[in-house]
Amino acid sequence: MEASGVPVLVGFQRRFDPAVSELHRRVRAGEVGDIYLVRALGNDAQPPDFGYLPQSGGIFRDLLIHDLDAVPWLVGEPVVEVYASGSVLVDQAFADADDVDNAVVLLKFAGGAHAVLAGGRHDPLGYDHRIEVLGSRDSLAVGLDPRTPLTSLEPEGPKVAADAYPGFADRFHRAYLAEVAVFTQVVAGTVANPSPARESLISLRLAEACEQSRRTGAPVHIQTEVAA
């Protein structure tokens with residue numbers, strides 16, 4: 001692809017979401033300070049069609065790969081260690097497909113910061129995706145709005161709205177519109193490619209490491225060239 005000189009823009013929509021893009025800008029501008037911890041959560045409202053599971057690549061390559069792309073991109077440092085664990089809690093069909101339906105991932109970055117990623121295939125309240133970055137100067141979050149499928153038990157806390165996000169298409173509607181606009185600009189040569197294929201190899205390698213860790217129960221050390 002690089003030898004052809006034709007740019008390839010990979011559709012990891014998190015990079016194009018306005019709030020995530022603003023989070024990236026603030027991190028790069030130093031407004032967060034030193035990053036202490038990143039937390040990312042991604043839950044489907046309903047499980048995918050069970051017939052899709054054997055071809056899905058598994059939860060790390062299908063669901064969590066989006067955050068395995070976005071979080072290292074936000075942090076801007078290479079991941080040096082991966083630990084992952086998963087369980088079948090939603091439906092036996094996932095076990096039959098040699099997969100899990102709930103998983104957690106711990107990433108350690110070269111500078112010492114950690115990220116905790118969690119993903120699940122069923123949330124009865126709706127589709128939920130959030131990212132939090134906690135640092136020495138500020139703590140920022142994306143994905144918290146009136147449609148977030150989360151009920152606070154605090155007296156003044158938010159309650160789940162009737163129009164909680166039903167799926168990723170609604171949650172990332174603005175991101176998809178921005179992605180198409182940026183794609184046309186990349187084709188026209190007026191902006192740099194913000195999601196090149198070479199960087200997407202990072203998330204795929206991390207997903208492979210997650211699967212290895214889940215199966216072995218041991219952390220996987222990552223070569224430092226796997227960097228954002």
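Scroll up a little and you will see the structure.
Trainee: Explain the overall build of the protein to me, please; I cannot follow it from the model alone.
Mentor: Of the regular secondary structure elements, the protein holds seven helices and seven strands. Starting at the N terminus, the α and β elements of the protein follow one another as α-β-α-α-β-α-β-β-β-β-α-α-α-β. Rg of the C-alpha trace for the protein: 18 Å, near the compact-globule value of 17 Å for 228 residues, within the 12% margin. By its C-alpha atoms, the protein is 45 × 45 × 35 Å across when sized along the principal axes. Across the 228 residues in the protein, those meeting the buried criterion constitute 43%. Relative to all contacts within the protein whose residues are 6 or more apart in sequence, the contacts with residues 24 or more apart total 72%.

Trainee: Please explain the side chain of Asn-43 as it appears in this structure.
Mentor: Among the secondary structure elements, Asn-43 is positioned in strand 1 (residues 35-43). Relative accessible area serves as the criterion here: at 14%, Asn-43 is assigned to the buried category. Within polar-contact distance, the side chain of Asn-43 engages the backbone nitrogen of Gly-120 at 2.9 Å. If we skip the residues at most four places from it in the chain, Asn-43 touches Gly-119, Gly-120, Asp-123, Gly-126, Tyr-127 and Asp-128.

Trainee: Looking at this structure, how should I read the nonpolar core?
Mentor: Soluble globular proteins tend to bury their nonpolar side chains together. Within the largest apolar cluster, 40 residues are counted, with the highest numbers of intra-cluster contacts made by Phe-60, Val-82, Val-105, Leu-107 and Leu-117. In terms of residues, this core owes the most to one element, helix 3 (residues 65-75), which gives six residues. Within the second largest apolar cluster, five residues are counted, among which are Tyr-127, Tyr-165, Phe-172 and Ala-175.

Trainee: In this structure, what is going on with the sheet that holds strand 4 (residues 114-120)? I would like to understand it.
Mentor: For sheets, the rule is that strands pair by backbone hydrogen bonds, running either parallel or antiparallel. Read across the open sheet, the seven strands follow the order 6-5-1-4-3-2-7; overall the sheet is mixed. Where the open sheet ends on each side, the last strands, each with one partner, are strand 6 (139-142) and strand 7 (220-221). Sheet strands in contact with helix 7 (residues 197-216) are strand 2 (79-87), strand 3 (102-109) and strand 7, and its direction is about 55° off that of strand 2.

Trainee: Would you take a moment to explain the pairing of strand 3 for this structure?
Mentor: In the case of a regular strand, side chains alternate between the two sheet surfaces. Burial along strand 3 is one-sided: the face carrying Ala-103, Val-105, Leu-107 and Phe-109 is buried and the face carrying Asn-102, Val-104, Leu-106 and Lys-108 is not. Bridge count between strand 2 and strand 3: eight bridges; the pairing is antiparallel. Counted as the bridge partner of Ser-87 is Asn-102 from strand 3. Turn length for the strand 3-strand 4 hairpin, with the two strands adjacent in sequence and antiparallel, is four residues, and the turn residue Gly-112 shows positive phi of about 105°.

Trainee: In this structure, what is going on with the packing of helix 3 against helix 7? I would like to understand it.
Mentor: Running from N to C, helix 3 and helix 7 point in directions that differ by 120°, and their axes come no closer than 8 Å. Classed by the angle they form, the pair helix 3 and helix 7 counts as oblique. As helix 3 runs across helix 7, the sense of the crossing is right-handed. Every residue of helix 7 that contacts helix 3 at Ile-65, Leu-68, Asp-69, Pro-72 and Trp-73 is listed here: Glu-199, Ser-203, Leu-204, Leu-206, Ala-207 and Cys-210.

Trainee: I keep staring at the pattern of salt bridges and nothing clicks. Help me out?
Mentor: Opposite charge on two side chains makes pairing possible when the charged atoms of those side chains draw close. For the structure shown, the criterion picks out 17 salt bridges. Salt-bridge contacts for Arg-14 lead to Asp-67; the nearest nitrogen and oxygen are separated by 3.2 Å. Here Arg-14, found in the segment before helix 1 (18-28), pairs with Asp-67, found in helix 3; they are 53 residues apart in sequence, far enough to count as distant. Taking relative accessible area as the criterion, Arg-14 reaches 2% and is therefore assigned buried. One salt bridge connects Arg-25 with Glu-22, and the closest N-O pair in it is separated by 2.8 Å. Taken together, the positions of Arg-25 and Glu-22, both in helix 1 and three residues apart, correspond to about one turn of that helix. Judged by relative accessible area, which is 41%, Arg-25 ranks as partly exposed.

Trainee: Explain the packing of helix 1 against helix 3 to me, please; I cannot follow it from the model alone.
Mentor: How two helices sit against one another is set out by the angle between their axes and by the gap between those axes. With their axes 8 Å apart at the nearest point, helix 1 and helix 3 run at an angle of 30° to one another. Compared by their axis directions, helix 1 and helix 3 come out roughly parallel. For the pair helix 1 and helix 3, contact is made by Val-20, Leu-23, His-24, Val-27 and Arg-28 and by Trp-73, Leu-74 and Val-75, respectively. Grouping the constituent residues of the contact of helix 1 with helix 3 by class yields six nonpolar, one polar and one charged.

Thresholds, definitions, all that
- Residues numbered from 1 in each chain as written.
- Predicted model: local features only at pLDDT ≥ 70, side-chain atom pairs only at ≥ 80, totals over all residues.
- Heavy atoms only, no water.
- Helix = DSSP H or I, 4+ residues; strand = E, 2+ residues; numbered from the N terminus.
- Rg over C-alpha atoms; globule rule 2.2 N^0.38 Å.
- Buried < 20%, exposed > 50% of the residue type's maximum accessible area, 1.4 Å probe, protein only.
- Contact = heavy atoms within 4.5 Å.
- Polar contact = N/O pair within 3.5 Å; in protein donor to acceptor, adjacent residues only side chain to side chain.
- Core = buried A, V, L, I, M, F, W, Y, C linked by side-chain atoms within 4.5 Å.
- Pairing = 2+ DSSP bridges.
- Axes fitted to C-alpha atoms, helices over the stretch in contact; angles between N-to-C directions.
- Parallel < 35°, antiparallel > 145°, perpendicular 65-115°, else oblique.
- Left-handed = near helix turned anticlockwise from the far one by under 90°.
- Salt bridge = Lys/Arg side-chain N within 4 Å of Asp/Glu carboxyl O.
- Nonpolar A, V, L, I, M, F, W, Y, C, P; charged D, E, K, R; others polar.

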